2 protein chains.
Amino acid sequence: MKKLAIGIDIGGTNAAFGLVDKNGIIVFRDSVPTNSHRPADELAEKIVAKINKWIETSASQYVISAIGVGAPNSNYYNGCIENPPNLHWKKVHLPKLFAPHYDVPVFVTNDANAAALGELKFGAAKGMKNFIEITLGTGLGSGLIINGDMVYGHDGHAGELGHVLAVPGGRLCGCGRNGCLETYASATGIVTTVRELLASGEYSSTLASINPQELTAKIVSDAAGQGDALALEAFRFTADILGRCMADAVAYLSPQAIIFFGGLALAGELLFKDLRHYFESYVMDHYKGKIQLLPSALLTGEAAVTGAAALAWHELETN
Amino acid sequence: MKKLAIGIDIGGTNAAFGLVDKNGIIVFRDSVPTNSHRPADELAEKIVAKINKWIETSASQYVISAIGVGAPNSNYYNGCIENPPNLHWKKVHLPKLFAPHYDVPVFVTNDANAAALGELKFGAAKGMKNFIEITLGTGLGSGLIINGDMVYGHDGHAGELGHVLAVPGGRLCGCGRNGCLETYASATGIVTTVRELLASGEYSSTLASINPQELTAKIVSDAAGQGDALALEAFRFTADILGRCMADAVAYLSPQAIIFFGGLALAGELLFKDLRHYFESYVMDHYKGKIQLLPSALLTGEAAVTGAAALAWHELETN
């Protein structure tokens, strides 16, 4: 009987899930609409039905060892997701949801922590004991691994590096405060930077011909790749703020590496070249040249599911 | 046979040491000149001679279980102090230093980490699993306790919150960079702030009659206690920057408490009232009113020795 973990990523529209072995190989994956207008039990039932059907028809013999769930506003300590944004549920206790179906432990955390655990078990951080995972998407998420374990903190919400006050009095953040790192260093942030640069009139740019509401990080990234001065300045500006905050992160945690996952990280050297430059200029002397800034080794399309499964495997192996 | 840990705090002028039981009670304490012009072995021999003499003449029977040392530029992982500031040694391996005298484990860390462990074992953080210790002295030191254990990071130097870049491009720090938190929030920092405020000419102050080179944090604190507007403004300014950086610290680590030790923390409500105000104004909504900002419960004169001993007890109990 081969042991598998179920990894589930609950998003606003769809819930992706898969069966993942302890090496991070997905042997089966699928997705269903989250449909959070309906009770969460129905989502669990749909996922379980798909998984059980596949297991029954599979030639090999499998056993489910644990379930890991990545979900917004989720709390590792109590197993709940509470008032999740983009979902209509108020409070859902994940272990109760799956208890009628599988007699296995159920673990839950947010997507950035799941990415960090995926990186630890299956990605660029294999063998590392101390590193920081940064997810650059619509916002900036992070997961902190210290002494080989995930940092949840006292209330379960540790590792919110998107909400360090990078620019006091700066851009208004979704959290209600001003100047949070994620208002600058994220897909949304770089688009805002481009809009500001366009408004300043200091640069001529191919991006000026695009409706500002239709700008995306991908469009900015493509323009920068073609040498557009304004787009390059937007990357430089982003890297300056992100590099400075990562120097702070090193003063906090002395990590072996900082690993970047997600859309903006896919810009590759467009981001990393400037980022390394600013990071090295800001970081304390005794760290210069010693901290690895790395792109994630997780596959974009698989990371949410393998990360959630990594949480399950990590818990089984360490507790 | 009662078990004791030796706690040693190696300073630039003197080395304080004591025998500390597992409840943090110092049963014997003394100090000797550090005299770092001479080899470090001589310091160890002097300390050991004093301790052994006391044990021999004591009515009770004691056994030494471990040695904890707090020292600048020390590394928990390799047991060494390396190029310590204010000391003439280059590299000293503490376990080797004491091996000829006691067959017990020897642990070493910096003074802020030792203070954090002292707080955890014997002070205001008893029973806490996640908290931050901030030492406000000449500089700003810190120790991070996560999941009940000390954070050393990959290279042993984690927890340098004095060197987060609080004010980009701000005051020149001893580390060679600009704007580090400790250039503002420390005894040195608040004195600099007073000098800047005096130079601005915006405040009339009793402090104007003091030679700027003779200003100390204690003098500023006393003036603020007597209602001096400039001194109060210096505390407000300090609390604003420190409160903002502590809000960032909470976004990182989600601690149960942040505990403040050292000279400036002794100013009590002069500091804490403004600090709580700014911290609460900067911290993320879901933490408001939930994080304790506390003064240390360690005795100023004892904390260095009990903290070093706490390191030894913590290691014996957790490893």
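Residues numbered from 1 in each chain as written. Chains lettered and ligands numbered in written order. Predicted model: local features only at pLDDT ≥ 70, side-chain atom pairs only at ≥ 80, totals over all residues. Heavy atoms only, no water.

(A) Molecular detail of the overall build of chain A. The number of helices and strands found in chain A is eight helices and 13 strands. A globule of 319 residues ought to have a C-alpha radius of gyration of about 20 Å, and chain A, at 20 Å, matches this closely. The C-alpha extent of chain A, read off along each of the three principal axes, is 60 × 45 × 35 Å. In chain A, once contacts between residues fewer than 6 apart in sequence are set aside, the share between residues at least 24 apart is 62%. Here chain A displays about 12900 Å² of accessible surface, and carbon together with sulfur accounts for 51% of that area. Here chain A holds 24 positive side-chain charges and 31 negative ones, and the gap between their average locations is 3 Å. (Helix = DSSP H or I, 4+ residues; strand = E, 2+ residues; numbered from the N terminus. Rg over C-alpha atoms; globule rule 2.2 N^0.38 Å. Contact = heavy atoms within 4.5 Å. Areas by Shrake-Rupley, 256 points an atom, 1.4 Å probe, with all protein chains shown as cover. Lys, Arg positive; Asp, Glu negative; His and termini not counted. Charge placed at Lys NZ, Arg CZ, Asp CG, Glu CD.)

(B) The interface of chain B and chain A, seen in detail. Listed per partner, the contact involves 39 residues of chain B and 39 residues of chain A. Roughly 3200 Å² of surface becomes buried between chain B and chain A when both sides are summed, with 59% attributable to carbon and sulfur atoms. The tally of links between chain B and chain A comes to zero salt bridges. For the pair chain B and chain A, the interface holds 18 residue pairs in polar contact (both at pLDDT 80 or more). (Buried area = accessible area lost by both parts, 1.4 Å probe. Salt bridge = Lys/Arg side-chain N within 4 Å of Asp/Glu carboxyl O. Polar contact = N/O pair within 3.5 Å; in protein donor to acceptor, adjacent residues only side chain to side chain.)

(C) Summary view of the side chain of B:Arg171. All names here are of chain B. As for its position among the elements, Arg171 is in the loop between β11 (149-150) and α4 (187-200). Judged by its relative accessible area of 11%, Arg171 falls in the buried class. Looking at Arg171, its side chain comes within polar contact range of the side chain of Thr193, at 2.9 Å. Setting aside its immediate chain neighbours within four residues, Arg171 contacts Arg177, Asn178, Gly179, Cys180, Thr183, Tyr184, Gly189, Thr192, Thr193, Glu196 and Phe237. (Buried < 20%, exposed > 50% of the residue type's maximum accessible area, 1.4 Å probe, protein only.)

(D) Region of the structure containing the layout of surface pockets. Residue and element names in this part refer to chain B. Approximately 1500 Å³ is the volume attributed to the second largest pocket. Contributing elements (two or more residues each) for the lining of the second largest pocket: β1 (2-10), β5 (74-75), α3 (111-122), β9 (131-136), β10 (140-146) and α8 (303-318). Considering every element that reaches the lining of the second largest pocket, the biggest residue donor is α3, with four residues. Across the lining of the second largest pocket, the residue classes break down as 16 nonpolar, 21 polar and seven charged. (1 Å grid on protein atoms, 1.4 Å probe; cavity = no way out; pocket = protein on both sides within 12 Å on 5 of 7 lines; lining within 4 Å. Points joined across faces, edges and corners; volume = space filled by probe spheres on them. Nonpolar A, V, L, I, M, F, W, Y, C, P; charged D, E, K, R; others polar.)

(E) Main features of the sheet that holds strand β7 (residues 91-93) of chain B. All names here are of chain B. Pairing is antiparallel in the open sheet, where three strands are placed in the order β5-β6-β7. Looking at the sheet topology across the chains shown, the edges are occupied by β5 and β7. As judged from the three bridges shared by strand β6 (residues 80-82) and β7, these two strands associate in the antiparallel manner. The partner of Glu82 across the bridge, within β7, is Lys91. (Pairing = 2+ DSSP bridges.)

(F) Inspection of the relation of the copies chain B and chain A at higher detail. Superposing chain B onto chain A takes a rotation of 180° combined with a translation of 0.0 Å along the rotation axis, leaving an RMSD of 0.0 Å. Here the transformation between the copies is reduced to the relation of a two-fold axis. Here 100% of the contact residues of chain B are again contact residues in chain A; the copies associate through an equivalent surface. (Least-squares fit on C-alpha atoms with pLDDT ≥ 70 in both.)

(G) Representation of empty space enclosed by the protein in the model. Applying the stated criterion across every chain, the model contains two cavities of 30 Å³ or more. For the largest cavity, the calculated volume is near 150 Å³. Around the largest cavity, the lining comprises 16 residues; the ones closest to its centre are A:Leu165, A:Asp248, B:Val164, B:Leu165 and B:Asp248. Secondary-structure elements contributing two or more residues to the lining of the largest cavity are α6 (229-253) of chain A together with α6 (229-253) of chain B. Residue composition of the lining of the largest cavity, by class: 12 nonpolar, no polar and four charged. Considered as a void within the structure, the second largest cavity measures approximately 30 Å³ in volume. What lines the second largest cavity is B:Ile8, B:Ile10, B:Ala40, B:Leu43, B:Ala44, B:Ile47, B:Leu94, B:Leu97 and B:Phe98. Those elements that place two or more of their residues in the lining of the second largest cavity are β1, α1 (40-57) and α2 (94-98) of chain B. At four residues, α1(B) tops the list of elements feeding residues into the lining of the second largest cavity.

(H) Molecular detail of the environment of A:Phe98. Looking at the secondary structure, you find A:Phe98 in helix α2 (residues 94-98). Other than its neighbours up to four places away in sequence, A:Phe98 contacts A:Ile8, A:Ala44, A:Val48, A:Ile67 and A:Val106.

(I) Focus on the sheet that holds strand β8 (residues 106-109) of chain A. Residue and element names in this part refer to chain A. The mixed open sheet is built from five strands, whose spatial order is β3-β2-β1-β4-β8. What marks the edges here is a single partner per strand, and that holds for β3 (26-33) and β8. Taken over all neighbouring pairs, the strand axes of this sheet differ in orientation by 20° on average, direction set aside. Pairing analysis gives eight bridges linking strand β1 (residues 2-10) to strand β4 (residues 62-70), with the strands arranged parallel. Considered in β4, the bridge of Lys3 is made with Val63. Packing of helix α1 (residues 40-57) onto the sheet brings it into contact with β1, β2 (14-20), β3 and β4, and relative to β3 it is tilted by some 145°. (Axes fitted to C-alpha atoms, helices over the stretch in contact; angles between N-to-C directions.)

(J) Fine view of the pairing of β2(A). Residues and elements named next belong to chain A. Among the seven residues of β2, five are classified as buried, and the element is accordingly described as predominantly covered. Counted along the chain from β1 to the antiparallel partner β2, the turn is three residues long. As paired elements, β2 and β3 share seven bridges and run antiparallel to each other. Looking at β3, one finds that Asn14 is bridged to Pro33.

(K) The packing of α6(B) against helix α7 (residues 269-282) of chain B, seen in detail. All names here are of chain B. Axis separation between α6 and α7 bottoms out at 7 Å; the angle between their running directions is 45°. On the basis of the axis angle, α6 is oblique to α7. For the pair α6 and α7, the sense of crossing is right-handed. In this structure, α6 contributes Leu232, Phe235, Arg236, Ala239, Asp240, Leu242, Gly243, Arg244, Met246, Ala247 and Val250 to the contact, and α7 contributes Leu270, Leu271, Asp274, Leu275, Tyr278, Phe279 and Tyr282. For the contact of α6 with α7, the residue count by class is 13 nonpolar, one polar and four charged. (Parallel < 35°, antiparallel > 145°, perpendicular 65-115°, else oblique. Left-handed = near helix turned anticlockwise from the far one by under 90°.)

(L) Representation of the pattern of salt bridges within the structure. Applying the stated rule across the entire model yields 22 salt bridges over all chains. Salt bridges here are not isolated pairs; linked through shared partners, they connect A:Glu233, A:Arg236 and A:Asp240.

(M) Structural detail: helix α4 (residues 187-200) of chain A. All names here are of chain A. The end-to-end C-alpha separation of α4 is 20 Å, in line with the 20 Å expected for 14 residues at 1.5 Å each. All buried positions along α4 are accounted for by Gly189, Ile190, Val191, Thr193, Val194 and Leu197. For α4, the elements touching its buried residues are α5 (217-225) and α6. Two residues or fewer after α4 comes Gly201, characterised by a positive phi angle close to 70°. (Expected span 1.5 Å × (residues − 1).)

It is worth stressing that arrangement in space is one thing and function is another; only the former is reported here.
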